[in-house]
Amino acid sequence: MSVTLVFMAVLMGMVAFWLLRHTINVRPWAAESRGNLINSNIQLPATKIALGVFMAVVASLFALFISAYSIRMSLADWRPMPEPDLLWVNTGILVLASVALQWAWNAANKGRMEIVKRAMSIAGALTVAFVLGQYLAWEQLIATGYFMTANPANAFFFLLTGLHALHLFGGLVAWYRTSARLWRGVGETAEIAKIRLNVELCAVYWHFLLVIWLILFSLMLNT
Amino acid sequence: MVQAAHDATSFVAPLEVEEEELYHAKTFIGKYIWSQDAKVIAIQYAVTAIAIGLVALVLSVIMRLQLGFPDTFDFITPSNYLQFVTMHGMIMVIYLLTALFLGGFGNYLIPLMCGARDMVFPYVNMVSYWVYLAAVLLLVASFFVPGGPTGAGWTLYPPQAISPGTPGADAGIIMMLVSLALFIVGFTMGGLNYVVTVLQARTRGMTLMRLPLTIWGIFMATVLALLAFPALFVSAIMMTLDRLLGTSFFMPAMVSMGEQTAYDGGSPILFQHLFWFFGHPEVYIVALPAFGIVSDLLATHARKCIFGYRMMVWAIVAIGALSFVVWAHHMYVSGMNPYFGFFFATTTLIIAVPTAIKVYNWVLTLWRGNIRLTVPMLFAIGFIFTFINGGLTGLFLGNVTVDLPLSDTYFVVAHFHMVMAVSPILVVFGAIYHWYPKITGRMLNDTLGKAHFWITFIGTYTIYYPMHYLGFEGLPRRYYAYGDTAFMSDSAQALNSFITVAACIVAVAQILFIWNLISSLRNGKPSGPNPWEATTLEWQTPDTPPKHGNFGENLPLVYRWAYDYSVPGAVEDFIPQNVPPEDVPTARTDDPTAAPAEGQPA
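As the structure is a computational prediction, the values presented were derived from the model and not from experiment.

So, how was this worked out
Residues numbered from 1 in each chain as written. Chains lettered and ligands numbered in written order. Predicted model: local features only at pLDDT ≥ 70, side-chain atom pairs only at ≥ 80, totals over all residues. Helix = DSSP H or I, 4+ residues; strand = E, 2+ residues; numbered from the N terminus. Axes fitted to C-alpha atoms, helices over the stretch in contact; angles between N-to-C directions. Parallel < 35°, antiparallel > 145°, perpendicular 65-115°, else oblique. Left-handed = near helix turned anticlockwise from the far one by under 90°. Nonpolar A, V, L, I, M, F, W, Y, C, P; charged D, E, K, R; others polar. Buried ≥ 20, exposed ≤ 12 C-beta atoms within 10 Å, placed from the backbone. Contact = placed C-beta atoms within 7 Å.

(A) Geometry of the overall build of chain B. Within chain B, the secondary structure is distributed over 15 helices and two strands. By principal-axis analysis of the C-alpha atoms, chain B measures approximately 85 × 50 × 50 Å.

See below:
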């Protein structure tokens, strides 16, 4: 559980630090006069904060899985599993998908919507390719007789890749909605700002899932 | 009152807080069934939680009947008994308390107390409730499948939970695990809303340190729940796979029913770590909202500012952070490394410090306050008693050497019921008596409320106090019947019967409460907008009950914290949060025409 413990310590440390910083030099009992009132909300779009919180939840989920993985790994019946070489290809594809979204984000910042469209299509295609590739890796393992019950390392492999793919599917829903908005046309400035925000959120989420995947993949290589 | 707030806008720059685009439903179904209004969702959550909670209450009565009068009731078999224990625990902790505090009170109070029109993602909020309802229905459905619900105990420890011979090991356990996973998915949707709304949608002037403690408690509990529920999710998924696909995450090699199972090498202790990594924060997920709400009840009904507001906030934050490093004190008897026990005993004693600070501050808030013994206040004071009681036995059990002999006895049952069952539920009652007038526009019946309080409060003591003695005597918990065992003396059996009688009386007395809730909808005395003369924003709404959008035309502006009670010099003994200092009538310039209406009952 030490992985989770460290993760939680860092996370709760950040939460506590942030809260303390905003509460320490305040005299809550003092009333404010008219004209002095401030808006002390976090000045970020709600969806951006929500994505941050959601990524913390997902990170917590995977940190717990990694803890479970390392505890289970230390037990006597753990056997290394064969890693399909296909996983390296898949990793490359996911990296490219992340790069494509970064490209889309940069282009969106410059307001060049044609490039955003192209980059978004490429990112979507690459992500679908990644998920299909993962499925092929599953097929290869099953064909060689390494399904979930074969050994605990396999069980974790299927579980973790499956969950990671599910999170990517969720991302694809957001990607689809953003793309639909993008192709519907970008007339008004408000609409452009919205698209820019959505592209940014997609890019951040993809980077996050890429990092998670890299951690999981290195764990699996480490059996 | 509201008028004063609106006039105030002419003195300040236009609202910087972005106005939300509200979804305005037109049909009855859109307004009350598939509603995106946090207040309606809150009521849906609360009604569902209370309904399933009543089921769990009945289950506990059946258990008590068996324990108090063994060999009397034929319909309670040993398997049934275990199933009832399991379902009672699971429903009460997760489907009632967690859902009611966060889904119910969280949804109702966060937008109103922060001065927001609604949650920031109303659609997600609506889906959250329906997923929760699906989880509840799945749980209820498990009573009707072959083999019945799971009887593995609310902790669902493997290998027992999914081994043949345990009640509900076929379908019941799977439905339980899927229902939990659904609950967590639903909660995460709601939880994102609560956190983001508190961080991003507070009205102008509502700084973090002007938030009522209710919101602080709910906010921190939501943060805990968002981070801790994944642990339960992880263990639920892995156990489902062990059960359905035959993996060995948790299942060791073992012989079951005379046959070697296909499982090999899994770790039941791993499950315990994951479960309690969720399980201990869960205690605080239930406790922190209760802490927050009770602080507001005490301040409002004692007409005094809360003692040590900043310390209360920091204590909530500290408890939240520490609650992640105490989980293994539930596992002293699991055979883990003794150094672990030392570490977790230390952290457990450390977390008692911020908790004790809160208790002292509640008591000091009452000190020389102008205490109004209203029904919510009675429940709040009752909470202080039961919480201190349960908290102190927690200090005993936090020490490894004391815990080892007591761990599997009724002492633990007494401890956790005092500290995380009775205490939060007293706050739930207090909060319902407190906010019912805002939700419905009518007061609850005072006499019924007082009767309900005294029977419940004294009743819980007569139920749980004797259990401490039973625990000392060594009476093991989770047993269906004791038979002719040496550790079960005649007097202990007599005590057990006494507890059962008390439990039945308390359970039946809850009819008073339910009846009060229902009949006051029609017959309750109209409450007016602010019957308790409270300062927080939800009492300053233009309409009671608040309409869609909460605050009418303009959002309120917040000039002060929520605890300006009995301010020296002010005419009224409370100053609402949205009254600027310039508008507070003082004793010297007491001019009735200049005084803004202070939101008294109409």
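Here the narrative resumes, following the displayed structure.
(B) Molecular detail of the packing of helix H6 (residues 172-200) of chain B against helix H7 (residues 213-244) of chain B. Residue and element names in this part refer to chain B. Where H6 contacts H7, the axes come no closer than 8 Å and their chain directions differ by 155°. By the angle between their directions, the pair H6 and H7 is classed as roughly antiparallel. Both H6 and H7 take part in a crossing whose hand is left-handed. Of the residues in the contact of H6 with H7, the class split is 23 nonpolar, four polar and one charged.

(C) The arrangement of the environment of Met-311 of chain B in detail. Residue and element names in this part refer to chain B. Inspection of the secondary structure assignment puts Met-311 in helix H9 (residues 309-322). In this structure Met-311 comes out as partly exposed when scored by C-beta crowding, with 16 C-beta atoms within 10 Å. Measuring from C-alpha to C-alpha, the distance between Met-311 and Pro-354 comes to 8.7 Å, with 43 residues separating the pair along the chain. Setting aside its immediate chain neighbours within four residues, Met-311 contacts Ile-357 and Asn-361.

(D) Summary view of the environment of Thr-456 of chain B. Residue and element names in this part refer to chain B. With respect to the helices and strands, the residue Thr-456 is situated in helix H14 (residues 446-473). Residue Thr-456 is classed as buried on the basis of its 24 C-beta neighbours within 10 Å. As for Thr-456 and Asp-74, which are separated by 382 residues in sequence, their C-alpha atoms are 29 Å apart. Residue contacts for Thr-456: discarding those within four places in its chain leaves Val-506 and Ala-509.

(E) Highlighting the environment of Thr-77 of chain B. Residues and elements named next belong to chain B. Checked against the element boundaries, Thr-77 lands in the loop between helix H3 (38-68) and helix H4 (78-114). The class of Thr-77 is partly exposed, set by 13 C-beta atoms lying within 10 Å. As a C-alpha pair, Thr-77 and Ile-463 span 386 residues in sequence and 23 Å in three-dimensional space.

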